[in-house]
Amino acid sequence: MSDPHLQHAHQHHEHGEHVDTGPRLLWALLLTLGFAGVEAATGFWSGSLALLSDAGHMVTDSASLGLAAFAAWLAQRPPTQRHTYGYGRVETLAALLNVVFMVLVVVGISVAAVDRILDPAAVNGAAVTLVAALGLLLNIAVAWLLMHGEQTMNTRGALLHVLGDLLGSVAALVSGAVVMWTGWTTIDPLLSILICALMLASSLRLLREVLQALMEGVPPSLSTEQIGGVLAGIAGVASVHDLHIWTLSSRRIALSAHLVVESLEQWPTVLAASRHALAEQGIAHVTLQPEPLTNTVRWLPIPEKLRQQNAGATR
């Protein structure tokens, strides 16, 4: 049994956060896509793999941010008879696609970096340094924009791309400075590989959380044992079984359980206390089934007329 008032308030809060998320993602998309063209042109002209890699990464970021913005918009749609939980899960799918894109970018940059190590090329260090510095400032602004909005798996997936791009700008900046002052061009692909390793580690952490949600596992922030203990500790509850906790969306967690109660007459009080305790744990979508502590089966005497009818039917 769910609390309609609590659920309505939660949905209203979630809706308000998504309204804030969409414009932030859209601004991040426009800024990132615009500067990607600048980096790509400078990368080709200067011969910098780090700068070209960062430009390619920013193009992928733009696609990811666009996907995240679309997912945030779609998640605002109300539930329907065909999708009774709404469309919040689409944000999890968008985060999964962002992780896949990131892994593909990492593989592509790593292969290009190895080729560049084996076959070094000239790099214009001054041009790389200037553009990388501008890219670093832009990525800091975009990261700040996303970090001060709602932190869903969807926006975290987009933020992961932006932070990876920020690291790419740092690598390009260091690469340009080293080439400009020492002429050592191998630093360019080496730093690209280092950044790829950092991006891959972050991607795998997010992937684990996304798969946990898609497999309807218990959210990492909660413990089944702990939640079960909270419910079992409520006055009037004898035991808890068939406890399930899963993620509906980034900000919405669901729970269902059977509560064995000492008396069904206490159920309204037990239900109210259970809802309040679970709301404090961040769980608002709740379905609880009461079960009596003792199921006494009482056999009633068969009326004499019905007994005679049954006896006649057996002859």
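These figures come from a predicted structure and were not determined experimentally.

Cut-offs used in this document
Residues numbered from 1 in each chain as written. Predicted model: local features only at pLDDT ≥ 70, side-chain atom pairs only at ≥ 80, totals over all residues. Heavy atoms only, no water. Helix = DSSP H or I, 4+ residues; strand = E, 2+ residues; numbered from the N terminus. Buried < 20%, exposed > 50% of the residue type's maximum accessible area, 1.4 Å probe, protein only. Contact = heavy atoms within 4.5 Å. Patch = residues over 30% accessible without salt bridge, like charges linked within 9 Å, V, L, I, M, F, W, Y side chains within 5 Å. Areas by Shrake-Rupley, 256 points an atom, 1.4 Å probe, with all protein chains shown as cover. Salt bridge = Lys/Arg side-chain N within 4 Å of Asp/Glu carboxyl O. Arc of directions from axis to C-beta. Expected span 1.5 Å × (residues − 1). pLDDT = per-residue confidence, 0-100. Axes fitted to C-alpha atoms, helices over the stretch in contact; angles between N-to-C directions. Parallel < 35°, antiparallel > 145°, perpendicular 65-115°, else oblique. Left-handed = near helix turned anticlockwise from the far one by under 90°. Nonpolar A, V, L, I, M, F, W, Y, C, P; charged D, E, K, R; others polar. Pairing = 2+ DSSP bridges. Right-handed = clockwise from strand over helix to strand, strands pointing away.

Draft legend 1. Representation of the overall build of the chain within the structure. In terms of regular secondary structure, the chain is built from nine helices and three strands. In sequence order, the secondary structure elements of the chain are arranged as α-α-α-α-α-α-α-β-β-α-β-α. Evaluated residue by residue, the chain yields a buried proportion of 44% over its 315 residues. Of all intrachain contacts in the chain linking residues separated by at least 6 positions in sequence, the fraction that spans at least 24 positions is 75%.

Draft legend 2. Geometry of a nonpolar patch on the surface. Together, Leu26, Trp27, Leu30 and Leu31 give the surface a local cluster of nonpolar side chains, amounting to about 420 Å² of exposed area. Examined against the element boundaries, Leu26 turns out to sit in helix α1 (residues 4-46).

Draft legend 3. Spatial organisation of the side chain of Thr247. Its location among the elements puts Thr247 in strand β1 (residues 237-249). A relative accessible area of 9% places Thr247 in the buried class. Excluding anything up to four places from it in sequence, Thr247 contacts Arg89, Ala213, Gly217, Pro219 and Arg252.

Draft legend 4. Here's a closer look at helix α7 (residues 224-232). Within α7 the residues assigned to the buried category are Ile227, Gly228 and Leu231. When α7 is viewed along its axis, its buried side chains cluster within an angular range of 100° and face the same direction.

Draft legend 5. Geometry of helix α3 (residues 90-118). Relative to the 42 Å expected for 29 residues at 1.5 Å per residue, α3 spans 43 Å between its end C-alpha atoms, a close match to the ideal helical length. Listing the buried residues of α3 in full gives Glu91, Thr92, Ala94, Ala95, Asn98, Val99, Met102, Val105, Val106, Ile109, Ala113 and Arg116.

Draft legend 6. Molecular detail of the confidence of the model for the chain. Across the chain, pLDDT averages 76, with 76% of residues at or above 70. Low pLDDT, under 50, characterises residues 1-19; the stretch is placed with 31 contacts to residues that sit more than four places away or in other chains.

Draft legend 7. Quick peek at unusual backbone geometry. Here Asp242, not a glycine, exhibits a phi torsion of approximately 50°, which is positive. A relative accessible area of 43% places Asp242 in the partly exposed class.

Draft legend 8. Quick peek at the packing of α3 against helix α6 (residues 187-214). Running from N to C, α3 and α6 cross one another at 160°; their axes reach a closest spacing of 9 Å. Comparing the axis directions of α3 and α6 gives the class roughly antiparallel. Here α3 and α6 pass one another in a crossing that is left-handed. Broken down by class, the residue content of the contact of α3 with α6 amounts to 22 nonpolar, four polar and two charged.

Draft legend 9. Structural view of the environment of Ser203. By secondary structure assignment, the location of Ser203 is in helix α6. Ignoring sequence-local partners within four residues, the contact set of Ser203 consists of Val99, Met102 and Leu160.

Draft legend 10. Representation of the pairing of strand β3 (residues 285-292) within the structure. Bridge count for strand β2 (residues 252-261) against β3 is eight bridges, and the pairing is parallel. For Ala257, the partnering residue across the bridge sits in β3 and is Leu288. Regarding topology, helix α8 (residues 267-280) serves as the crossover connection from β2 to the parallel β3, and that connection is right-handed.

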